[in-house]
Amino acid sequence: MNDSLDAAIQDGAVVGEFVTDPLLQLRKVNVSFSGRVAVRDVSFDVAPNKITALIGPSGSGKTTILRSLNRLHDLTKGAKVEGDLLLGGVDIYKGGIATMLLRSRIGMVFQRPNPFPTLSIYDNVVSGLRFNGIRKKSLLDEAAESALISAALWDSVSSRMKAHASTLSGGEQQRLCIARALAVEPEILLMDEPTSSLDPVSTQRIEELMTELKNRVTMIIVTHNMQQAARVSDNCAFLLMAEDRAGELIEFAPTSKIFHDPSDPRTVDYVNGRFG
Amino acid sequence: MNQSTKSLLSRRNASDSPRAKGARGESDRFYVWTLRGFAALFSAILLEFVYSIVHQSWPAWTHEGLTLLTGTTWNPANSVYGGLPLILDTVISTLVALLFAVPVGLGTALVLNFVLPRRLQTITASMVELLAAIPSVVYGLWGLYVLVPWMSTTIQPWLGRLSGGAWPFSGDPLGAGIMLASTVLAVMILPTIVAISRDVIAALPKDLNEGALSLGASRSQVLRKVILPSAKSGILGAISLGAGRALGETVAVLMVIGGNAQMPRSLFSVGATLASTIATEYTEASPGNVAALGALAVILMVLTAAVNAFARRLVRRTGALSS
Ligand SMILES: Nc1ncnc2c1ncn2[C@@H]1O[C@H](COP(=O)(O)OP(=O)(O)O)[C@@H](O)[C@H]1O
Ligand SMILES: [Mg+2]
């Protein structure tokens, strides 16, 4: 499957029937920790202004792939990322993009809401801009308002911007983290099981939010929740652990194909809840 | 009703029976009253303690009045009891000690958490903890034999030249004095500051660090703008504990500060702190002197309590909001 995908790309053809002009390309990406391979030969495309979901059982390397995209593995001793990861055609490891700049182009939302607890709501939202050297109050105010509006949080927090972030509910904290990431105006937003610690109502609000945000930002979401992947994503990558416990890409296709007409029998089993 | 529900019900009945309830109620009451008794006992001891020191110092307060706080000469031989030089030396030596110990201590805590590999972390941490186990008198000796010559021949002349002999680096480089006391105090309170702030920082969630990096922060921005502010309340607690120890430290200070109660003119001045004066003069004190020393003890207690209360308030304010 990977080979045919690569062949298609080398021909300059459109991959599958859905990705034209990819924003992000992964080609034979391998990630290992102290020599142990966690992700092997993963290749797929991320289409702009679409939601790409990574699904698969626990340990199949979804988080590991996500974290290789904003170079968070740089912090881990013994972690090694190989292969080509191209953002707009430029390799994010070998192409000379500064890591800090890369991370403001590819933002991240974590599994557990992680606002800065001692900072106010306002300071949380503008923290990324401040890290990037923006000081002007009017710019920060404007960005804070627009990011909070985008994250559907403005109405409930506009009157208490000075309150600590920790006074918000879990769902609000996660939307604050989304607002904080959006304020930097990234091209891509990585979301690692962003609703797994939230209640159903908060989960639904975040899913709605993701659909609304599509015209602004490209999203890659890791999810354990099959229905969530089916509801929100446009394209879907299904991963599975090989014999040696390395994660491999089994199938990559439009979400409707993955759920209704998958090519690989293992995908059929997984989406029908038969393992994992 | 099936079998399992029945057994659940019967179990509930057993523990709710009047006898079980009565026994539990009694042991609860016994427990509560024992705790109340201890609390009352400790309060009584504390009150007695404060009362006796205030009582002992009472003649000095009525006789000398505010001179104990504002008088600039401390000369027990002539029954002159102006406590200001002692208060100043105590406060200055503590502040300067914090000036050395806080940046070094926080830096060490950050390095321990974020830079060193785990093995070196453990080794360095246990070495810092060893520092805390050294008795003060040994610090005093180290100050006398190692630091005095080094201060008087190297550090102080260098500081004097650098500042052109300007305050606070004016005066003769004697070695012993306020600056040396501050240095020794700094080393003594370092383990407290390192150990507590390291633990506070280590207890922060790991995803704060990654959250900040993911927004494009540099490593140093993460430390300055996220890690330190998030650990603020605990760090303040660490600093105030260190300050409390420095204010009250007796033997080591007594050995290196020069033992001369005079108004401090610079950091090179010899001096005497509240604690060191109480310890040196108590054994051969006249009744009037004993009362004055009691007054010094009261002042020292108030200072320490104020530092604690201040720190508590800061910790409560930041801690309540960061929980
Ligand atoms: N920092 C790390 N050090 C060592 N192994 C890791 C690290 N992060 C992930 N792994 C390994 O990579 C594999 C994939 O993990 P992960 O990407 O978290 O899976 P998923 O997100 O799909 O549940 C696992 O076997 C895990 O043990
Ligand atoms: Mg994961």
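A brief structural summary.

**Re the site of ligand 1**
Residue and element names in this part refer to chain A.
- Around ligand 1 sit Phe 33, Arg 36, Ala 38, Pro 57, Ser 58, Gly 59, Ser 60, Gly 61, Lys 62, Thr 63, Thr 64 and Thr 76, and that is every residue in its neighbourhood.
- A distance of 3.0 Å is found between an oxygen atom of ligand 1 and a backbone nitrogen or oxygen belonging to Gly 61.
- Coverage of ligand 1 by the protein amounts to 66% of the 560 Å² it exposes when considered alone.
- Residue contributions to the shell around ligand 1 peak at three residues, all from helix 2 (residues 62–69).
- Taken together, the residues that form the shell around ligand 1 break down as three nonpolar, seven polar and two charged.

**Notes on the interface of chain B and chain A**
- Across the contact, 20 residues belong to chain B and 28 residues belong to chain A.
- In total, chain B and chain A occlude about 2100 Å² of area from one another, counting both sides; carbon and sulfur atoms represent 61% of this.
- Viewed at the interface, chain A and chain B are joined by two salt bridges.
- Notably, a salt bridge pairs B:Glu210 with A:Arg67, separated by 2.8 Å at the nearest N-O pair.
- In this structure, the connection of chain B to chain A is made through five residue pairs in polar contact (both at pLDDT 80 or more).
- Broken down by secondary-structure element, the contributors of at least two residues to the side of chain B that touches chain A are helix 8 (206–213), helix 9 (219–230) and helix 13 (287–322) of chain B.

**A closer look at helix 5 (residues 137–150) of chain A**
Residues and elements named next belong to chain A.
- Its 14 residues place the ends of helix 5 20 Å apart at the C-alpha level, agreeing with the 20 Å of an ideal helix rising 1.5 Å per residue.
- Within the span of helix 5, buried status applies to Leu 140, Ala 143, Ala 144, Ala 147, Leu 148 and Ser 150. Along the axis of helix 5, the buried positions cluster into a sector of 155°, meaning they face one direction only.
- As for helix 5, its buried residues are in contact with helix 4 (121–131), helix 6 (154–157), helix 7 (170–183) and helix 8 (200–213).
- Trailing helix 5 by a residue or two, Ala 152 shows a phi angle of about 55°, which is positive.

**Let's talk about the packing of aromatic side chains**
- What the rule picks out here adds up to seven aromatic pairs over all chains.
- Where B:Phe38 meets B:Phe42, the ring centres are 6.5 Å apart and the plane angle is 25°; that geometry is what we call stacked. In this pair, B:Phe38 and B:Phe42 both sit in helix 2 (residues 18–64), four residues apart, roughly one turn of the helix.
- On the basis of an interplanar angle of 75° and a centroid distance of 6.4 Å, the ring pair of B:Tyr139 and B:Trp142 is categorised as edge-to-face. Note that B:Tyr139 and B:Trp142 are positioned in helix 6 (residues 136–163) at a spacing of three residues, about one turn of the helix.
- A cation over an aromatic ring shows up here: A:Arg180 above the ring of A:Phe116, its NZ or CZ 4.4 Å from the ring centre.
- Sitting over the face of the ring of B:Trp33, B:Arg36 holds its NZ or CZ atom 4.7 Å from the ring centroid.

**Remarks on the packing of helix 7 (residues 178–202) of chain B against helix 10 (residues 232–248) of chain B**
Residue and element names in this part refer to chain B.
- Between helix 7 and helix 10, the shortest axis-to-axis distance is 8 Å and the interhelical angle comes to 160°. It follows that helix 7 is roughly antiparallel to helix 10 by the angle criterion. Of the two possible hands of crossing, helix 7 and helix 10 adopt the one that is right-handed. Across the interface between the two elements, Leu 185, Met 188, Ile 189, Thr 192, Ile 193, Ile 196, Ser 197 and Val 200 from helix 7 touch Gly 234, Ile 235, Ala 238, Ile 239, Leu 241, Gly 242, Arg 245 and Ala 246 from helix 10.
- The residue makeup of the contact of helix 7 with helix 10, split by class, is 11 nonpolar, four polar and one charged.

**Notes on the packing of helix 6 of chain B against helix 7 of chain B**
All names here are of chain B.
- Running from amino to carboxyl end, helix 6 crosses helix 7 at an angle of 130°, the nearest separation of the two axes being 9 Å. It follows that helix 6 is oblique to helix 7 by the angle criterion. Like other packed secondary-structure pairs, helix 6 and helix 7 cross with a definite hand, here right-handed. Touching Ser 136, Tyr 139, Trp 142, Gly 143, Leu 147, Val 148, Met 151, Ile 155, Gln 156 and Leu 159 of helix 6 are Met 179, Leu 180, Thr 183, Val 184, Val 187 and Met 188, all from helix 7.
- For the contact of helix 6 with helix 7, a count of residues per class yields 12 nonpolar, four polar and no charged.

**A look at helix 7 of chain A**
Residues and elements named next belong to chain A.
- Across its 14 residues, helix 7 extends 20 Å between first and last C-alpha, which sits within 8% of the 20 Å expected from 1.5 Å per residue.
- For helix 7, the tally of buried residues reaches 13 of 14 residues, placing the bulk of the element in the interior.
- One or two positions beyond helix 7, positive phi appears at Glu 185, with a value near 55°.

**Quick word on the environment of B:Leu274**
Residues and elements named next belong to chain B.
- Looking at where Leu 274 falls in the secondary structure, it is placed in helix 12 (residues 274–281).
- With relative accessibility at 0%, the residue Leu 274 sits in the buried group.
- Between the alpha carbons of Leu 274 and Leu 300 there is a distance of 6.6 Å; along the sequence they are 26 residues apart.

**Details of the nonpolar core**
- A:Phe44, A:Leu54 and A:Ile220 are the most contacted members of the largest nonpolar core, which has 84 residues in total.
- The greatest single-element share of this core, amounting to 13 residues, is contributed by helix 7 of chain B.
- Once residues lying within four places of it in the same chain are set aside, the contact partners of A:Phe44 are A:Leu24, A:Gln25, A:Leu26, A:Arg27, A:Thr52, A:Leu54, A:Ile65, A:Leu249 and A:Phe252.
- Residues A:Ala143, A:Ala179, A:Met210 and A:Ile250 belong to the second largest nonpolar core, which totals 48 residues.

**Section: the sheet that holds strand 3 (residues 51–55) of chain A**
Residues and elements named next belong to chain A.
- Taken together, 10 strands build an open sheet; the order of strands is 5-4-1-2-10-9-3-8-7-6 and the sheet is mixed. Pairing within the sheet leaves two strands with one partner each, and these edge strands are strand 5 (90–91) and strand 6 (106–109).
- Direction of pairing for strand 1 (residues 24–33) relative to strand 2 (residues 36–46): antiparallel, over a ladder of seven bridges. Across the sheet, Leu 24 pairs through a bridge with Val 46, a residue of strand 2.
- Together, strand 1, strand 2, strand 3, strand 4 (79–87), strand 6, strand 7 (188–192), strand 8 (218–222) and strand 9 (235–241) form the strand contacts of helix 2, whose direction differs from that of strand 1 by roughly 115°.

Criteria and cut-off values
Residues numbered from 1 in each chain as written. Chains lettered and ligands numbered in written order. Predicted model: local features only at pLDDT ≥ 70, side-chain atom pairs only at ≥ 80, totals over all residues. Heavy atoms only, no water. Near = heavy atom within 4 Å. Polar contact = N/O pair within 3.5 Å; in protein donor to acceptor, adjacent residues only side chain to side chain. Areas by Shrake-Rupley, 256 points an atom, 1.4 Å probe, with all protein chains shown as cover. Helix = DSSP H or I, 4+ residues; strand = E, 2+ residues; numbered from the N terminus. Nonpolar A, V, L, I, M, F, W, Y, C, P; charged D, E, K, R; others polar. Contact = heavy atoms within 4.5 Å. Buried area = accessible area lost by both parts, 1.4 Å probe. Salt bridge = Lys/Arg side-chain N within 4 Å of Asp/Glu carboxyl O. Expected span 1.5 Å × (residues − 1). Buried < 20%, exposed > 50% of the residue type's maximum accessible area, 1.4 Å probe, protein only. Arc of directions from axis to C-beta. Phe/Tyr/Trp six-rings, centres within 6.5 Å; stacked < 30°, edge-to-face > 60°. Lys NZ or Arg CZ within 6 Å of the ring centre and 35° of its normal. Axes fitted to C-alpha atoms, helices over the stretch in contact; angles between N-to-C directions. Parallel < 35°, antiparallel > 145°, perpendicular 65-115°, else oblique. Left-handed = near helix turned anticlockwise from the far one by under 90°. Core = buried A, V, L, I, M, F, W, Y, C linked by side-chain atoms within 4.5 Å. Pairing = 2+ DSSP bridges.

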